[in-house]
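Each chain is listed here by its residues.
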Amino acid sequence: MSNPSAAAAPPVEGDPKRKVALIVVLFAAFMDLLDSTIVNVAIPSIQTDLTTGYATVQWVVAGYLLSFAVLLILGGRLGDMYGRKKLFLTGVAGFTVASALCGFAGSPGTLVAARVLQGAMAALMVPQVLSIITAAFPPKERGAALGAFGGVAGLATVGGPIIGALLIDADLFGQGWRMVFLINLPVGILLFLAASAVIRESRSSESIKLDVVGTLLLTAGLLLLLVPLVQGRELGWPLWSFVAMIASVPVLAIFWAYQRRLGDQGRPGLIVPSMFRSRSFTAGIVANTVFFSVTIGHFLIFILFLQNGLGFSALRAGLTGVPWSFGVSFGAAFSATVLTAKLGRKVMVIGAILLAAGLAGISLTIELRGAELGSWSLLPTLLVGGLGMGMIIAPILDFILTDVPPEHAGAGSGVVNAFQQVGGALGIAVIGAIFIGFLGGGADTAAKDAGGQLRTALVQTHVSPDQQAKLTETFQTCFTERTKSKDPTVEPASCAPLTQVTDPQAGAAIGAAAKDARREVFSTALQHTIYAQLGLTALVLLLVLLLPKQARHHDEAWEETAEPGSEPAGPGVAEPRTA
């Protein structure tokens, strides 16, 4: 049982080392979020170096995401129980060790296991970031601190592919893809030492015991939901994936009913159901989940478009995203420090409009520039989209957590982070499936268009007319099958005759036709998928309008709703607001 005096929330003036502590926890959050996306760029190198299949190497990404998402809420609650600093340090140390195991892995199985461990340690570390911010900062400063976290989250999410490409391209110490993980070692050690010195311990003032039944129910429900979301697209959406997702609904419903029963009995559970009575918390959670679905899904298909459609290298594709990263950083910083205090939720409304404008601008730029599309022509619209993302991701956390009392900061933080991961997985699954669907649907048309150009070009070569017809037909079949393939690393058998062409002019004509076909089919697929993203962005805007006009922190609302000498209004959250 915790000591109530030690567990009490910090005094209203806040932790004197809070600004240094903020830098430390933000670096930790950046390290984790970077690791979630940086590995995507390294997948081809990992597959080649460890001589493994495409399906296996995908678990390097999936294993991390699953263990991280499933354990987030538990990690947040453990921080409330045993101390947020203690759990944060445990997570940083474990994450650093797991990064070393990833970097020195000699087999695919070892690497996947190390990534699962890395995700589990991140689940202990990341929920404490928001909890520590909530506990260390007084209400008037908390919005800017949470905004800084949102900005870091956006920057790391967008910057992962850039930094990953730079590390692999630099090939530091001859380690290639391994530096993607080994770079965490010095960072993790410094973070552990700094956190030990500047972060003050805090925990819930309530006596909380681990909810074993709730943990098992939540773990089962999230696995049933997330495993098919993460792996279904790669496996072609087999029947079991839909059965599992449907089965997750009653399991999660039982978990929710059990948590409510514990709350009615005055017993602490894994989550605090009373938090969901706050409109700001509930509407904010849903808006944030949809928002992450849009943005994470967009990053996936946009990188595919740049690399596979336009033929950009990993480094060039990453650098193309720099304007978006800059927009996120500036939008988050300016909205958190200046705009939100003056405009309240209007900042997020403007952000949603700018995000929609940026996405629509990408589609329009593709249409107008055509074959001349390049990194520079995308710069203005990427900057606008990044500004919109930054103006949402920075203030929304302050609105979500505005009614969550400090003693339940860990539970609230775990719920926020878990829903973000579910949103990201949904975005990758749904938006990715829409994009892949349009790729497959447009493959025949693109192959036919490029085939006509190829036949014309082959007339100028030394290839006989009969061979020209065969090569054109083979090209169309090869391109269609490769575009629709579940494993892009495997070359269909129909493509073999094209590799045996000896005439240099014919070979160049086939290469040019393939380039044009890829550009056409990926451009069309991205443009059509953006329509779905615009619809989801409109939903984010509508959900934002359900939030209070201004974020009033729990501490302030608590004092206002309590009569002199009485208990605060409500056992778990401040009195819900309707304004």
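From a predicted model like this one, the values you see are computed outputs, not experimental measurements.

Where do I start with the overall build of the chain in this structure?
Of regular secondary structure, the chain possesses 21 helices and zero strands. The C-alpha atoms of the chain give a radius of gyration of 25 Å, which matches the 25 Å a tight globule of 579 residues would have. Projected onto its principal axes, the C-alpha coordinates of the chain cover approximately 95 × 50 × 45 Å. Per-residue burial for the chain yields a buried fraction of 57% across its 579 residues. Looking at the chain alone, contacts between residues at least 24 apart form 83% of all its contacts between residues at least 6 apart.

Help me understand the environment of Ala257 in this model?
Along the polypeptide, Ala257 turns up in helix H10 (residues 239-264). Taking relative accessible area as the criterion, Ala257 reaches 45% and is therefore assigned partly exposed. As for Ala257 and Pro273, which are separated by 16 residues in sequence, their C-alpha atoms are 9.6 Å apart.

It is not clear to me how the environment of Arg260 should be interpreted in this structure. Could you clarify?
Here Arg260 lies in helix H10. Between the C-alpha atoms of Arg260 and Val272, which are 12 residues apart in sequence, the distance is 8.2 Å.

Which parts of the structure should I look at to understand helix H20 (residues 504-544)?
Residues separated by three or four positions in an α-helix point in the same direction, a consequence of the helix having 3.6 residues per turn. Taking 1.5 Å of rise per residue, 41 residues should cover 60 Å, and H20 covers 58 Å from first to last C-alpha, within 8% of that figure. The N-cap residue of H20 is Asp503: its side-chain oxygen and the backbone nitrogen of Gln505 are 2.9 Å apart.

What am I meant to see in the state of the cysteines here?
Among covalent bonds in proteins, the disulfide is the one between the sulfur atoms of two cysteines. Enumeration over the complete set of coordinates arrives at one disulfide. Each sulfur of the disulfide joining Cys478 and Cys495 lies 1.9 Å from the other. One disulfide, between Cys478 and Cys495, carries an S-S torsion of 95 degrees and so falls in the right-handed class. On the criterion of sequence distance, the pair formed by Cys478 in helix H18 (residues 465-484) and Cys495 in the loop between H18 and helix H19 (496-499) is long-range, its members being 17 residues apart.

I keep staring at a nonpolar patch on the surface and nothing clicks. Help me out?
A grouping of Val97, Leu101 and Leu117 is seen on the molecular surface, where their side chains present a nonpolar patch of about 240 Å² in accessible area. Here Leu117 shows up in helix H5 (residues 108-136).

Sorry if this is basic, but what is going on with the side chain of Ser523 here?
Along the polypeptide, Ser523 turns up in helix H20. Using a relative accessible area of 9% as the deciding quantity, one classes Ser523 as buried. What Ser523 contacts, discounting residues up to four positions off in sequence, is Phe305 and Ile366.

Help me understand H18 in this model?
Helix length check: H18, at 20 residues, gives a terminal C-alpha distance of 29 Å against a target of 28 Å (1.5 Å per residue), a fit within 8%. Those residues of H18 not exposed but buried are Gln468, Leu471, Thr472, Thr474, Phe475, Cys478, Phe479, Thr480 and Thr483.

Which parts of the structure should I look at to understand the packing of aromatic side chains?
Each pair of aromatic rings is reported with the distance of its centres and the angle of its planes. This structure, assessed with the given rule, holds 11 aromatic pairs. A centroid spacing of 6.1 Å and a plane angle of 85 degrees characterise the contact between Phe299 and Trp324, whose relative ring orientation is edge-to-face. On the criterion of sequence distance, the pair formed by Phe299 in helix H11 (residues 279-309) and Trp324 in helix H13 (residues 322-343) is long-range, its members being 25 residues apart. Using a relative accessible area of 16% as the deciding quantity, one classes Phe299 as buried. Judged by its relative accessible area of 4%, Trp324 is buried. These aromatic residues form a ring-pair network of at least three members: Trp256, Phe276 and Phe281. The aromatic ring of Phe312 is capped on one face by Arg316, whose charged end is 3.7 Å from the ring centroid.

Please clarify how the nonpolar core should be interpreted in this entry.
General note: in soluble globular proteins, nonpolar side chains tend to be found buried as a group. Phe88 and Trp324 are the most contacted members of the largest nonpolar core, which has 161 residues in total. For this core, the element with the highest residue contribution is helix H2 (residues 18-49), accounting for 16 residues. The contact partners of Trp324, leaving out residues within four places of it in the chain, are Val158, His298, Phe299, Leu355, Leu359, Ile362, Leu382, Gly385, Gly386 and Met389.

Would you explain the pattern of salt bridges in this entry?
It is possible for side chains of opposite charge to pair when their charged atoms get near one another. Summed over all chains, the structure comprises six salt bridges. For Arg18, the salt bridge goes to Glu141, with nearest N and O atoms at 2.7 Å. In this pair, Arg18 is assigned in helix H2 and Glu141 in helix H6 (residues 139-170), connecting sequence segments 123 residues apart. Residue classification places Arg18 among the buried positions, given a relative accessible area of 14%. Taking the shortest distance from any N to any O, the salt bridge between Asp444 and Lys484 comes out at 3.6 Å. Remark: Lys484 occurs in helix H18 and Asp444 occurs in helix H17 (residues 409-458); sequence separation between them is 40 residues.

Just checking my understanding: could you explain the confidence of the model for the chain for this structure?
Note: predicted coordinates in regions of low pLDDT should not be interpreted at a detailed level. Of all residues in the chain, 91% attain a pLDDT of 70 or more, and the chain-wide mean is 82. Within the model, pLDDT remains below 50 along residues 1-12, and this stretch shows 16 contacts once partners closer than five positions in the same chain are excluded.

When you look at the packing of H11 against helix H15 (residues 375-393) in this model, what are you seeing that I'm missing?
To characterise two packed helices, one gives the angle between the axes of the helices and the distance between these axes. Orientation of H11 relative to H15, taken along the N-to-C sense of each, is 155 degrees, at an axis distance of 12 Å. Regarding the angle of H11 to H15, the classification is roughly antiparallel. Crossing angle aside, the handedness with which H11 passes H15 is left-handed. When H11 is examined against H15, the residues Phe291, Phe292, Thr295, Phe299, Phe302 and Leu306 are found in contact with a partner set consisting of Leu378, Leu382, Met389, Ile392 and Ile393.

Which parts of the structure should I look at to understand the environment of Gly236?
Take Gly236: it is sitting in the loop between helix H9 (212-235) and H10. Spatially, the C-alpha atom of Gly236 lies 19 Å from that of Ala247, the residues being 11 residues apart in sequence.

Sorry, what's going on with the packing of helix H4 (residues 84-103) against helix H8 (residues 184-198) here?
Taken N-terminus to C-terminus, the directions of H4 and H8 make an angle of 165 degrees; their axes are 9 Å apart at the nearest point. Of the possible angle classes, the one that applies to H4 and H8 is roughly antiparallel. Read as a crossing pair, H4 and H8 show a hand that is left-handed. Across the interface between the two elements, Lys85, Phe88, Leu89, Val92, Ala93, Phe95, Thr96, Ser99 and Ala100 of H4 pack against Asn184, Leu185, Gly188, Ile189, Leu191, Phe192, Ala195 and Ser196 of H8. Partitioned by chemical class, the residues of the contact of H4 with H8 number 11 nonpolar, five polar and one charged.

Rules of the game
- Residues numbered from 1 in each chain as written.
- Predicted model: local features only at pLDDT ≥ 70, side-chain atom pairs only at ≥ 80, totals over all residues.
- Heavy atoms only, no water.
- Helix = DSSP H or I, 4+ residues; strand = E, 2+ residues; numbered from the N terminus.
- Rg over C-alpha atoms; globule rule 2.2 N^0.38 Å.
- Buried < 20%, exposed > 50% of the residue type's maximum accessible area, 1.4 Å probe, protein only.
- Contact = heavy atoms within 4.5 Å.
- Expected span 1.5 Å × (residues − 1).
- Polar contact = N/O pair within 3.5 Å; in protein donor to acceptor, adjacent residues only side chain to side chain.
- Disulfide = S-S within 2.5 Å.
- Patch = residues over 30% accessible without salt bridge, like charges linked within 9 Å, V, L, I, M, F, W, Y side chains within 5 Å.
- Areas by Shrake-Rupley, 256 points an atom, 1.4 Å probe, with all protein chains shown as cover.
- Salt bridge = Lys/Arg side-chain N within 4 Å of Asp/Glu carboxyl O.
- Phe/Tyr/Trp six-rings, centres within 6.5 Å; stacked < 30°, edge-to-face > 60°.
- Lys NZ or Arg CZ within 6 Å of the ring centre and 35° of its normal.
- Core = buried A, V, L, I, M, F, W, Y, C linked by side-chain atoms within 4.5 Å.
- pLDDT = per-residue confidence, 0-100.
- Axes fitted to C-alpha atoms, helices over the stretch in contact; angles between N-to-C directions.
- Parallel < 35°, antiparallel > 145°, perpendicular 65-115°, else oblique.
- Left-handed = near helix turned anticlockwise from the far one by under 90°.
- Nonpolar A, V, L, I, M, F, W, Y, C, P; charged D, E, K, R; others polar.

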